[in-house]
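Structural overview
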Amino acid sequence: MHKPKIYILDVTNRDGVQTSRICLSKLQKTMINIHLNDMGVAQSEFGFPVTRHETNYLNANLELLSSGGLSGINLSGWIRATSEDVKTAFKLVPTIKYLNLSISTSDQMIVHKFKGKLDHASVIKEMTEAVKLARQSGAESICVNAEDASRTNISYLIEFSQAARDIGADRIRYCDTLGCDTPFSIYDRIKILAKEVALPIEIHCHNDLGLVVANSVSGAKAAVDSGCDAYINTCVNGMGERAGNADLVSVILAIKYGHGLEEYALDERINLKKAWKTCKYASYAFGVPIPINQPGIGSNAFAHESGIHADGALKDRRNYELYDYEELGRGDPEIIETGRQITAGEYSGIKGFRNVYEKLEVEFHNEEEATKILELVRYANVHNQKPLVDDELKFIAKYPDIARKIFTMNP
Ligand SMILES: [Zn+2]
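Residues numbered from 1 in each chain as written. Predicted model: local features only at pLDDT ≥ 70, side-chain atom pairs only at ≥ 80, totals over all residues.

1. Considerations on the overall build of the protein
In plain terms, the rule: What counts as a helix is a DSSP run of H or I of at least four residues, what counts as a strand is a run of E of at least two, and both are numbered from the N terminus. Just to be clear, the radius of gyration here is over C-alpha atoms, and the globule rule we use is 2.2 Å times residues to the power 0.38. Note on burial: count the other C-beta atoms lying within 10 Å of the residue's C-beta; 20 or more is buried, 12 or fewer is exposed, in between is partly exposed, and C-beta positions come from the backbone. Residues are treated as contacting if the C-beta atoms built from their backbones sit within 7 Å of each other.
Along its length, the protein carries 16 helices and 10 strands. Relative to the compact-globule value of 22 Å for 411 residues, the protein shows a C-alpha radius of gyration of 22 Å, a close match. Counting only C-alpha atoms, the protein reaches 65 × 60 × 40 Å along its principal axes. Considering the protein as a whole, with its 411 residues, one finds that 46% of them fall into the buried category. Put simply, of all contacts in the protein between residues at least 6 apart along the chain, 73% involve residues at least 24 apart.

So, in structure tokens, the structure goes:
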């Protein structure tokens, strides 16, 4: 018998980057995909296949996947559930295999967003036509997103989801778009939905009430209790629209260490050893500091000062620590250069560049190759507009042709 599992589907490169005031370059988005892959995340919603400035980045990352530069993770695009978007997506990104097709299902949005253009029946019609076309165009895995599912009449939500299933959708995404659910309401609704639809359920929550991780875990529990796989949507460091999405590391920690969840299977590929590195990189790339009290990753997450706590933690870490810092990839000293430093940037020359790569223990076959990589590093710096990190420099040297595509934009 199929034992349902909880998988992680990270949406940093979609919901995270569509957030006000923050953004990532295409190289930074690529590095996020690599970090998520290293953490054993099942899927990265890596962008918008109908958005022209994403095209080269998306195609280059699919190439990275097919050439083995990413292994294990699936890359999915987000589009509206319309035939027009499906056509454009496959025209611009022909090898895309995973798609999320999104349409609003609540009366609030059907009436006040579609303004009479669509009703209950035509929302289902648009969606089913889009799913059919996506399948014909080569999509291997299709998830249908019910936007504003938490404010959708439950019987209509079930009808909509069953129609998606009957036309061949592989999953349903329950979106708490406004963050109005509580762990109680989302549990009850997803329990019924999963039972009636019998498809894997994606749980997409927002933090407007500060309940995002609790809601996500509760929704996943409901799906599993109804015999369905669950895919929790996360963002690194809880980035995302308004108050943010579910924080990747917090969700994983909650499933691993939360009381009452011992029997719930988390995707065994998940590896928190890379969590520290991933979160630090995302913080640098977004330019958003990690709060000192962020679960697992904040600088206070394993700090003790008050007499009783410090004494207790020193006697036995289990007195005041729920999990080990080593599990999150913490504990190694970080070396900061305080003397002379040669850096590689947009105006670098070959000698300084060589010095930087020698320190990274990257060797070039000949002068020609070094010159080629130097040129790409210059462009990468123009592209990122901040100093490149070691992993970015190594990536460019290892995948120069893919890197070139990522930096290329033709407006
Ligand atoms: Zn969202």
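Once the structure has been displayed, the description carries forward.
2. Digging into the packing of helix α3 (residues 55-66) against helix α16 (residues 400-407)
Helix packing for two helices is described by the angle between their axes and how far apart those axes are. For clarity, the threshold we go by: In this analysis an axis means a line fitted to C-alpha atoms, helices contributing only their contacting stretch, and an angle means the value between N-to-C directions, from 0 to 180 degrees. Any angle between 65 and 115 degrees counts as roughly perpendicular, while under 35 counts as roughly parallel, over 145 as roughly antiparallel, and the rest as oblique. Should the near helix be turned anticlockwise from the far one by less than a right angle, the crossing is left-handed, and should it be turned clockwise, the crossing is right-handed. Three residue categories are used. Nonpolar comprises Ala, Val, Leu, Ile, Met, Phe, Trp, Tyr, Cys and Pro, charged comprises Asp, Glu, Lys and Arg, and polar comprises the others, including Gly.
Relative orientation of the contacting elements α3 and α16 amounts to 160 degrees, with a least axis distance of 7 Å. In terms of orientation, α3 and α16 fall into the roughly antiparallel class. Crossing angle aside, the handedness with which α3 passes α16 is left-handed. Contact residues: Asn 56, Tyr 57, Asn 59, Ala 60, Glu 63 and Leu 64 in α3; Ile 402, Lys 405 and Ile 406 in α16. Class assignment for the residues of the contact of α3 with α16 results in 5 nonpolar, 2 polar and 2 charged.

3. What about the domain arrangement of the protein?
The condition is simple: Start and end points for every domain follow an automatic or database-based domain assignment.
Domain boundaries in the protein define domain 1 (5-280) and domain 2 (350-407). Each of domain 1 and domain 2 was reduced to a C-alpha centroid, and the two centroids are 34 Å apart. The partner domain 2 presents 11 residues to the 13 residues of domain 1 that form the contact. Looking at the side of domain 1 that touches domain 2, the elements that each hand over two or more residues are α2 (26-38) and α3. Per-element accounting of the side of domain 1 that touches domain 2 gives the leading share, 6 residues, to α3. For the side of domain 1 that touches domain 2, the class distribution of residues is 5 nonpolar, 6 polar and 2 charged.

4. Comments concerning helix α15 (residues 390-398)
What α15 keeps buried is the set Glu 392, Leu 393, Phe 395, Ile 396 and Ala 397. Of the surrounding elements, those touching the buried residues of α15 are α2, α13 (350-359), α14 (367-384) and α16.

5. With respect to the pairing of strand β8 (residues 230-235)
To be explicit about the condition: Two strands form a pair only when DSSP identifies at least two bridges running between them. With strands facing away from the observer, any crossover in which the path from the first strand over the helix to the second runs clockwise is taken as right-handed.
Counting buried positions along β8 yields 6 of 6 residues, so the element is predominantly enclosed. Neither face of β8 is open: one carries Ala 230, Ile 232 and Thr 234, the other Tyr 231, Asn 233 and Cys 235, and all of them are buried. Relative to β8, strand β1 (residues 5-10) runs parallel, the two sharing 5 bridges. Looking across to β8, one finds that Ile 6 is bridged to Ala 230. In this fold, the crossover linking strand β7 (residues 201-205) to β8 by way of helix α9 (residues 212-225) has right-handed handedness.

6. Looking at α16
This is how it is decided: Each C-beta atom gives one direction from the helix axis, and the arc is the one those directions make.
Every buried residue of α16 is accounted for by Ala 403, Ile 406 and Phe 407. Looking down the long axis of α16, one finds its buried residues gathered within 95 degrees of arc, a one-sided arrangement.

7. Remarks on the pairing of strand β4 (residues 98-104)
In terms of burial, β4 is largely enclosed, as 6 of its 7 residues are buried. Relative to β4, strand β3 (residues 74-80) is paired through 5 bridges, and the arrangement is parallel. Along β4, the bridge assignment pairs Trp 78 with Asn 100. The β-α-β motif built from β3, the intervening helix α4 (residues 83-92) and the parallel element β4 has right-handed crossover chirality. Bridge count for β4 against strand β5 (residues 141-147) is 7 bridges, and the pairing is parallel. Residue pairing for β5: Ile 103 is matched across the bridge by Ala 146.

8. What to know about the environment of Val 217
Residue placement: Val 217 occurs in helix α9. Residue Val 217 is classed as buried on the basis of its 27 C-beta neighbours within 10 Å. Expressed as a C-alpha distance, the spacing of Val 217 and Ala 246, which sit 29 residues apart in the sequence, is 9.6 Å. When neighbours within four sequence positions are excluded, Val 217 is seen to be in contact with Val 251, Ala 254, Ile 255 and Gly 258.

9. Some details on the environment of Asn 384
Tracing the chain through its elements places Asn 384 in helix α14. Given 21 C-beta atoms within 10 Å, Asn 384 falls into the buried group. Considering only alpha carbons, one finds Asn 384 and Ala 285, 99 residues apart in sequence, at a separation of 8.7 Å. Setting aside anything within four residues of it in sequence, one finds Asn 384 in contact with Ser 25, Leu 27 and Gln 28.

10. A closer look at unusual backbone geometry
You will see that Asp 148, though not glycine, has its phi angle at about 65 degrees, which is positive. Of note, Asp 148 is situated in the loop between β5 and α7 (154-167). Given 22 C-beta atoms within a 10 Å radius, Asp 148 is considered buried. Here Glu 361, not a glycine, exhibits a phi torsion of approximately 60 degrees, which is positive. Along the chain, Glu 361 turns up in the loop between α13 and α14. C-beta crowding within 10 Å serves as the criterion here: with 7 such atoms nearby, Glu 361 is assigned to the exposed category.

11. A short note on the packing of α9 against helix α10 (residues 248-257)
Where α9 contacts α10, the two axes come as close as 10 Å, and the packing angle between them is 50 degrees. Relative to α10, α9 is oriented oblique. As α9 runs across α10, the sense of the crossing is right-handed. Within the contact between the two elements, α9 uses Val 213, Ser 216 and Val 217 and α10 uses Ser 250, Val 251, Ala 254 and Ile 255.

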